[in-house]
Amino acid sequence: MGIAAMLGSPIKRREDPRLITGQATYVDDIKLYGMLHLAVLRSPYGHARINSVNVDAARNLPGVVAVYTAEDVNSVVGKVAVAVPVGKIAEGMGVRSPLAQDKVRFFGDPVAVVIADDRYTARDARDLIEVDYEPLPAAIDVEKAMQPDAPLLYEEFGTNVALSLSLPDTTEEIDKVFEQTKADGGVVVKTRIVNQRLAPVAMETRGVVADFNKGSQKLTLWSSSQIPHILRNVLAATVGLPTHQVHVIVPEVGGGFGSKLNIYPEELLTAFASMKLGRPIKWIEDRSENMAATIHGRDQVDYIEAAATKDGKVTGVKLHAVSDMGSYSQLFTDVMVLAFTFPVVCGAYDIPAVHRSTDLVFTNKTPTDAYRGAGRPEATFAIERAMDLVARELGKDPAEVRRINFIQPDQFPYKSSTGTVYDSGNYEAALDKALALADYKSLRAEQAQKRAEGKLVGIGISSYIEVCGIGPKGFAPVGLFESARLRVDVGGNVTVYTGSSPHGQGEETTFAQIVAEEFGIPIESIVVLHGDTEAIPEGRGTYGSRTTPVGGSAVFTAAQKLKEKMKLIASHMLEASPSDVTLEDGKFSVAGSPQKSVTFAEVAATANLSNTLHPGIEPGLEATSFWEPEANVFPFGTHICVVEVDKETGEAQITRYIAVDDCGRQLNPMLVQGQIHGGIAQGVGQAMIEGVVYGEDGQLLTATLMDYAMPIASELPSFELDHTVTPTPVNPLGAKGVGEAGTIGSTPAVANAMADALGVAHVDMPYKPENLWKVIHQS
Ligand code: MCN
């Protein structure tokens, strides 16, 4: 393979050998001299008043070094800031202290911590802590939690509703559109959707090691996190240290899916304890804690309504989203609906009128926050279900209704009636490719035949879009740029430091591909480092499928800076004008005389060693870039799912799954496919089997992997993938993100297939046999 063809090549992930041979270092692999272990005492109730906490017995257990309660911690460690304080959250509602005081608000709420010589003693001592709880009625159902007689999580606010918002203020305009459409012979469809609560279940649970050196007053913290720099900045502010005295290291991370995009109480508590005791302290979450106390995702009840002419042109859409925030406001939770559901309510469709409203509601459950897709799966699910309802009402093919409503390629950049500007797209091309791959006509014919035999077969289409690559100026209260530092050493090797924080996605490979392509050097001479706040001063981390479009663009622009400097040095070495020097296949040469050249390594050696550099040229070869995108990117695609449901048992099987995705230019098609595979599995998981369940008293009924079902490979068909390529104009790589696309596109495809199979307007997820059996036998 030529070096110049590096970008776009399906090379294998360079990070995998150390991962699959057990040579990677995760937080739990870190062992420091004199290290202590922390255990967290958590609430066994969903909602209870704390009358007293007695830690005497725990403190007296041999091997216990310290026990801390809210009284010890909360006055020292500040509350964790929320990214965008809106509504009553701005007044402090739901803003969290590290340990619960006076009241616990969810099953798993941290109440006290024990620090001991080893993990077992810490846990034994934890069990000796006596808490006098007074159980309270719990607010579990999000819509009931909005009622005036609901148990209140924050009594002082007199309600569980943190924010009610309507855009625009009234529904007057949209109501007129709906009425007119009906008067003209059109239809109005509506449904209520429960987008159920999910547990992210990363393979590696959370974990923290904190090491405070009392002599240097420096805190080093290892955490399984997606956001090393944000963690460093927030940690410094909450524990009261200057930023440069806090060093965050994110070693290998075994997946996050959004759940490690938070500042968690355990990070603050471990840091606090280490600062108090001057000893390194480790906390490793177990799986039950992970199910109970790591954020959950989704949990929206959506009311979607759409009006369409008799020809199938959608004239308006209304979405009301009731968002279950759980018990506390996490870092981003409150903005999820506003920032990620609202902008893509119209999906891939040119819909002239839109109305959006939301209620953000606290309940006695684990806080919700970003989980793969974060707000976009909810919007996509609603609009994709609405398109199918329109098709059903009008007796049209769902593919046709989509085609009628698509935004056309010549409309880009396209301003949606939501106000969102989409960068680029060709939605019909992706639909056509998916239909061809599925052999849609034959598929429908086959379905008709099987139906005639009494079988329940369904075909579902989802033509999704998503918004990612956050974030442009003004998207959030702080800049969501990404940084990259490139250093070329004396041997011509390149070290790339990125402020992004990949945790399974593979940018150690794709970022090296960008540099290999730009410099024309072998990928073996490039290494990509990340997850260390002292290696690169600022960064924003990995989430929202931003790493490639934003972090990758930072790498690309830093490479351009170095290229310019190297060309200048080469021009003096070649005694040519800098404008005549080109870099190709690792050689700088003079235009018109290719025999006159110096290699990349020779220029690197000169820059790093020579004492005769031309006046005005600084020695060394290093460049830093901060890339702040001017706009978001909008990946898209069409997924088609075929299901067959057993009438007798309600058991459903996905028999085919076709996906055509477009993430602009693909840096590495193999990694793109891997992301789509994983994404589809997660989206199908939500549709078919997953769901967090609480009892009415707030007990978590899915607290282990015995109770919370996860999709496994043998339950999934072989995915049939293809793609289209519509580059984005908003970054120099032409690349859009792909990390969440599979999850966003897949759930509605399965849902549409299931409704089609059962011949009903809508059926709520998950499609477990007992749920489907009930629908079949009711109808
Ligand atoms: N890629 C590419 N060409 C493109 C776009 C992406 O080759 N046009 C490659 C990238 O270079 C990278 C991968 O695809 O190797 C994903 O890149 P990107 O879409 O930029 O997404 P991020 O790296 O920002 O990852 C975040 C995204 C999110 S938001 C969740 S949640 C998620 C996901 O990635 N969590 C994951 N995928 C995951 N995969 C693993 N293994 N583990 C997780 O926790």
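Calculation rules
All chains use their own residue numbering, which begins from 1 and follows the written sequence. The predicted nature of this model means local features are confined to residues of pLDDT at least 70 and side-chain atom pairs, given and counted, to a pLDDT of 80 or more, with totals for whole chains, interfaces and linings taken over all residues. The basis for every side-chain value is the complete set of non-hydrogen atoms in the structure, without hydrogens or water. Here the limits of each domain have been adopted from an automatic or database domain assignment. In this description, contact between two residues means that some pair of their heavy atoms is separated by no more than 4.5 Å. Put simply, buried area is how much 1.4 Å-probe accessible surface two parts lose in total, over both of them, once they are put together. To sort residues, take the accessible area from a 1.4 Å probe on protein chains only and compare it with the maximum for the residue type: under 20% means buried, over 50% means exposed, and anything in between is partly exposed. Each helix is a run of H or I in the DSSP string that is no shorter than four residues. Each strand is a run of E no shorter than two, and both are numbered from the N terminus. Convention used here: a crossover is right-handed provided that the path from the first strand, over the helix, to the second strand proceeds clockwise when the strands point away from the viewer. Salt bridges are defined by distance alone: a side-chain nitrogen of Lys or Arg within 4 Å of a carboxyl oxygen of Asp or Glu. Given the number of residues in a helix, its expected span is that number minus one, multiplied by 1.5 Å. Each direction from the helix axis to a C-beta atom contributes to the arc, which is the arc of those directions.

Trainee: Is there a simple way to explain the domain arrangement of the protein in this structure?
Mentor: By a widely used convention, the size of an interface equals the accessible area lost when the partners come together. By domain assignment, the protein separates into domain 1 (16–21 + 481–627), domain 2 (31–136 + 203–255 + 260–293) and domain 3 (300–471 + 631–778). Using C-alpha coordinates to define each centre, domain 2 is positioned 36 Å away from domain 3. The interface of domain 2 with domain 3 comprises 30 residues on the first partner and 28 residues on the second. Of the roughly 2400 Å² buried at the junction of domain 2 and domain 3 (both faces included), carbon and sulfur atoms supply 63%.

Trainee: What should I look at first to understand the pairing of strand β21 (residues 526–530) in this one?
Mentor: One face of the sheet, then the other: side chains in a regular strand alternate in exactly this way. Across the two faces of β21 the burial differs, with I526, V528 and H530 buried and V527 and L529 not buried at all. In this fold, the crossover linking strand β20 (residues 494–498) to β21 by way of helix α14 (residues 507–519) has right-handed handedness.

Trainee: It is not clear to me how the pattern of salt bridges should be interpreted in this structure. Could you clarify?
Mentor: Side chains bearing opposite charge may pair, as long as their charged atoms lie close to each other. Throughout the structure, instances matching the rule amount to 44 salt bridges. Salt-bridge contacts for K260 lead to E204; the nearest nitrogen and oxygen are separated by 3.5 Å. Within this pair, whereas K260 is found in the loop between β11 (246–249) and α7 (265–277), its partner E204 is found in the loop between β8 (187–198) and β9 (207–213), the two being separated by 56 residues in sequence. With respect to burial, K260 and E204 carry one shared label: buried. For K563, the salt bridge is made with E518, and the minimal N-O distance between the two is 2.9 Å.

Trainee: What is the right way to look at unusual backbone geometry in this model?
Mentor: A negative phi angle characterises most non-glycine residues, just as the trans form characterises most peptide bonds. For the peptide bond that leads from L167 to P168, omega is -10°, which places it in the cis range. Topologically, P168 is positioned in the loop between β7 (161–167) and α5 (172–183). The amide bond that connects F412 to the next residue, P413, takes the cis arrangement and shows omega of -5°. Take P413: it is sitting in the loop between α11 (398–405) and β16 (414–415). Notably, D585 is not glycine yet its phi reads approximately 45°, a positive angle. Of note, D585 is situated in the loop between β22 (581–584) and β23 (587–590). A relative accessible area of 55% means that D585 is categorised as exposed.

Trainee: I would appreciate a short explanation of helix α12 (residues 427–438) in the present structure.
Mentor: Between the first and last C-alpha of α12 there are 17 Å, a value that for 12 residues agrees with the 16 Å anticipated at 1.5 Å per step. Restricting attention to buried positions, one finds in α12 the residues Y427, A430, L431, A434, L435 and A438. The arc that holds the buried residues of α12, viewed along the axis, is 130°, so those residues lie on one side. Residues of α12 that are buried make contact with α11, β17 (421–422), α13 (440–452), β18 (456–465), β26 (636–645) and β27 (652–662). Just downstream of α12 lies D439, where phi reads positive at about 55°.

Trainee: Before we go on, may I ask you to explain the environment of E446 in this structure?
Mentor: Structurally, E446 can be placed in helix α13. In this structure E446 comes out as partly exposed when scored by relative accessible area, which is 41%. Spatially, the C-alpha atoms of E446 and T509 are 43 Å apart, while their sequence positions differ by 63 residues.

Trainee: When you look at helix α10 (residues 376–394) in this model, what are you seeing that I'm missing?
Mentor: Three- or four-residue spacings in an α-helix give side chains the same orientation, since the helix completes a turn every 3.6 residues. Taking 1.5 Å per residue as the helical rise, α10 with its 19 residues ought to reach 27 Å, and the 27 Å between its terminal C-alpha atoms agrees with that figure. Of all 19 residues that make up α10, 16 are buried, and the element is covered over most of its length. Backbone geometry just downstream of α10 places G395 in the positive-phi region, at approximately 65°.

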